[in-house]
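Chain residues, written in single-letter form:
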Amino acid sequence: MKKIAVIFNGGTISMKVDPKIKAAVPSLTGEEIMSMVTGIEDHANVVSYYFSSVPSPHMTMEKIMDLRKFTMNILAAEDIDGVVITHGTDTMEETAFLFDLTIDTQKPIVFTGSMRSGSELGYDGPSNLAQSIVTAASDSSRGLGVLVCLNGELNSASEVTKTNSVALNAFRTPNFGPLGMVDNNRVHYYRSISARQVHEIASLNTKVDLVKTVAGMDSSYLRFLADSGSQGIVIEALGRGNVPPMMVEGIRYAMSKGIYIVIVSRCYEGRVYGSYGYEGGGKHLRSMGVIFGESLPGQKARIKLMVALSIFTSPDDVRKWFEKDLYLED
């Protein structure tokens, strides 16, 4: 029987409603949550570890890196076959994506949590945790990178995003759909993922900012970031990767200071591409030297640019890591 480590790291899965303030707060211990996962001993030998009980909006990049080190130390044990990590859903996709980019292991790493607290009817924490343990114990999960398991669906950390603030199936993969599912305590995969590029890092360059484009936006905020020590800026552009013409000067100004600019779309689905040649259009921006972030949402492109700035010194290497599909088309 596989030995699976469960790392408790807070989130709604560890919360109950405080009767005084009538709102959910951290309350449940890992032992209390595991006591609700009945019958799991028939599927895996589970060992529990405590890391934190923080809500996910309290996760900082420093805490994420500490969790990464904690996880890697557990994975290094020969008798551990996989790891499940509980995490608040608000920032789960960012932590999971950082792990996917920087932890090179064949052992399954599965993130899970819950959309409802322990005080709500239909508390989904125990079922999500049980399905995640079954996933981590499955031979078919080896070598797939970091996975996210909620509501019985299995998604790749490289593709998944939170799409709803309350629904049990909040985590979905735009464009492609889930990798698989857990059904009747068994793991089933529908498809594989593209080849991963994993880079071990000793530290993380966090000087990367995220800007959302709106109609009529100018360059004032971009210039502010460029003058405030930013080393990379991710711009959630319009549509295929276009910005208002008043932003072009700010992009040019930031790039003149050696700042990396990555363009993604604020659209839920689709990818950026140089379809439009007018001022501020994607083709115009790429000719200026901006980097296209393919189909990544802004929050995940920010994580990837942090990792890129932590491992690469050449602008060409950063561009190739983001634009691997575009290079095949050029």
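Residues numbered from 1 in each chain as written. Predicted model: local features only at pLDDT ≥ 70, side-chain atom pairs only at ≥ 80, totals over all residues. Heavy atoms only, no water.

1. So, the overall build of the protein chain
Put simply, the test is: Secondary structure elements are taken from DSSP: a helix is a run of H or I of four residues or more, a strand is a run of E of two residues or more, and numbering for both begins at the N terminus. Computation of the radius of gyration draws on C-alpha atoms, with the globule rule given as 2.2 Å multiplied by the number of residues to the power 0.38. Any residue under 20% of the maximum accessible area for its type is buried, any over 50% is exposed, and the rest in between are partly exposed; the area is computed with a 1.4 Å probe on protein chains only. All accessible-area figures derive from a Shrake-Rupley calculation using a 1.4 Å probe, and residue coverage is judged against the displayed protein chains alone. A residue counts as positive if it is Lys or Arg and as negative if it is Asp or Glu; His and the chain ends are not included. Working definition for charges: the position is that of NZ of Lys, CZ of Arg, CG of Asp or CD of Glu.
Counting its secondary structure elements, the protein chain contains 10 helices and 16 strands. In summary, the protein chain has a C-alpha radius of gyration of 21 Å against a globular reference of 20 Å for 330 residues, a match within 12%. In terms of its C-alpha atoms, the protein chain occupies a principal-axis envelope of roughly 60 × 45 × 35 Å. When each of the 330 residues of the protein chain is scored for burial, the buried share is 51%. When the accessible surface of the protein chain is summed, it comes to about 14,500 Å², and 50% of that surface belongs to carbon and sulfur atoms. Between the centroid of the 32 positive side chains of the protein chain and the centroid of its 36 negative side chains there is a distance of 3 Å.

2. A short note on the sheet that holds strand 4 (residues 45-52)
Selection rule: If DSSP finds at least two bridges between two strands, the strands pair. Here an angle of 0 to 180 degrees is reported between the N-to-C directions of two axes, which are lines fitted to C-alpha atoms, with helices fitted over the stretch in contact. In this analysis, two residues are considered to be in contact whenever any of their non-hydrogen atoms come within 4.5 Å of each other.
An order of 4-1-5-6-7-8-11-12 is seen for the eight strands of this open sheet, with the pairing classed as mixed. Whereas interior strands pair on both sides, the edge strands pair on one side only; in this sheet they are strand 4 and strand 12 (186-189). Each strand of the sheet is rotated relative to its neighbour by a mean of 25°, with strand direction disregarded. Note: strand 8 (residues 153-156) against strand 11 (residues 180-183), two bridges, orientation antiparallel. For Glu153, the partnering residue across the bridge sits in strand 11 and is Met181. Against the sheet, helix 2 (residues 61-75) engages strand 1 (3-9), strand 4, strand 5 (82-86) and strand 6 (109-112), with an angle of about 155° to strand 4. Relative to the sheet, helix 3 (residues 92-102) contacts strand 5, strand 6 and strand 7 (146-150), its axis offset from that of strand 7 by approximately 155°.

3. Re the packing of aromatic side chains
For the record, the criterion: Any two rings among Phe, Tyr and Trp, with Trp reduced to its six-membered ring, count as a pair given centres within 6.5 Å; such a pair is stacked if its planes are under 30 degrees apart, edge-to-face if over 60, and tilted if neither. Consider the ring centre and the ring normal. A charge sits over the ring if Lys NZ or Arg CZ is within 6 Å of that centre and within 35 degrees of that normal.
In this structure the tally under the stated criterion is seven aromatic pairs. Residues Phe312 and Trp321 carry aromatic rings whose centres are separated by 5.7 Å and whose planes lie at 75° to one another, so their mutual orientation is edge-to-face. Each member of the pair, Phe312 as well as Trp321, is classed as buried. Through pairs of rings, three or more aromatic residues link up here, namely Tyr49, Phe51 and Phe70. Here the basic side chain of Arg286 rests over the ring of Phe292, its NZ or CZ set 5.8 Å away from the ring centre. Note that Lys304 overlies the ring of Phe322, its terminal NZ or CZ placed 5.1 Å from the centroid.

4. Remarks on the pairing of strand 2 (residues 15-18)
Taken together, the four bridges between strand 2 and strand 3 (residues 23-26) define a ladder with antiparallel strand orientation. Across the sheet, Lys16 pairs through a bridge with Val25, a residue of strand 3. Between strand 2 and strand 3, which pair antiparallel and follow one another directly, the connecting turn spans four residues, one of which, Lys22, has a positive phi of 55°.

5. So, the packing of helix 8 (residues 298-311) against helix 9 (residues 315-322)
Put simply, the rule is: By convention, the crossing between two helices is left-handed when the near helix turns anticlockwise from the far helix through less than a right angle, and right-handed when the turn is clockwise. Residue classes follow a fixed rule: Ala, Val, Leu, Ile, Met, Phe, Trp, Tyr, Cys and Pro count as nonpolar, while Asp, Glu, Lys and Arg count as charged, and any other residue, Gly among them, counts as polar.
It is the contact of helix 8 with helix 9, at a shortest axis distance of 10 Å, that shows an interaxial angle of 145°. In this structure, helix 8 meets helix 9 at a crossing whose hand is right-handed. In this structure, helix 8 contributes Ala301, Lys304, Leu305, Val307, Ala308 and Ile311 to the contact, and helix 9 contributes Val318, Trp321 and Phe322. In terms of residue class, the contact of helix 8 with helix 9 is built from eight nonpolar, no polar and one charged.

6. Thoughts on helix 4 (residues 125-136)
Each full turn of the α-helix corresponds to 3.6 residues, which orients residues three or four apart in the same direction. Note the threshold: Here the expected span of a helix is defined as 1.5 Å times the quantity of residues minus one.
Taking 1.5 Å per residue as the helical rise, helix 4 with its 12 residues ought to reach 16 Å, and the 16 Å between its terminal C-alpha atoms agrees with that figure. Most of helix 4 is tucked away: nine of the 12 residues are buried. Among the residues of helix 4, those classed as buried are Gly125, Pro126, Asn128, Leu129, Ser132, Ile133, Val134, Thr135 and Ala136.

7. What to know about unusual backbone geometry
Note on backbone geometry: most residues besides glycine have negative phi, and most peptide bonds are trans. Even without glycine at this site, Lys22 takes up a positive phi of about 55°. Structurally, Lys22 is set in the loop between strand 2 and strand 3. The exposure class assigned to Lys22 is exposed, which follows from its relative accessible area of 70%. In this structure, Asn185 is a non-glycine residue whose phi angle is positive, near 65°. Locating Asn185 in the fold gives a position in the loop between strand 11 and strand 12.

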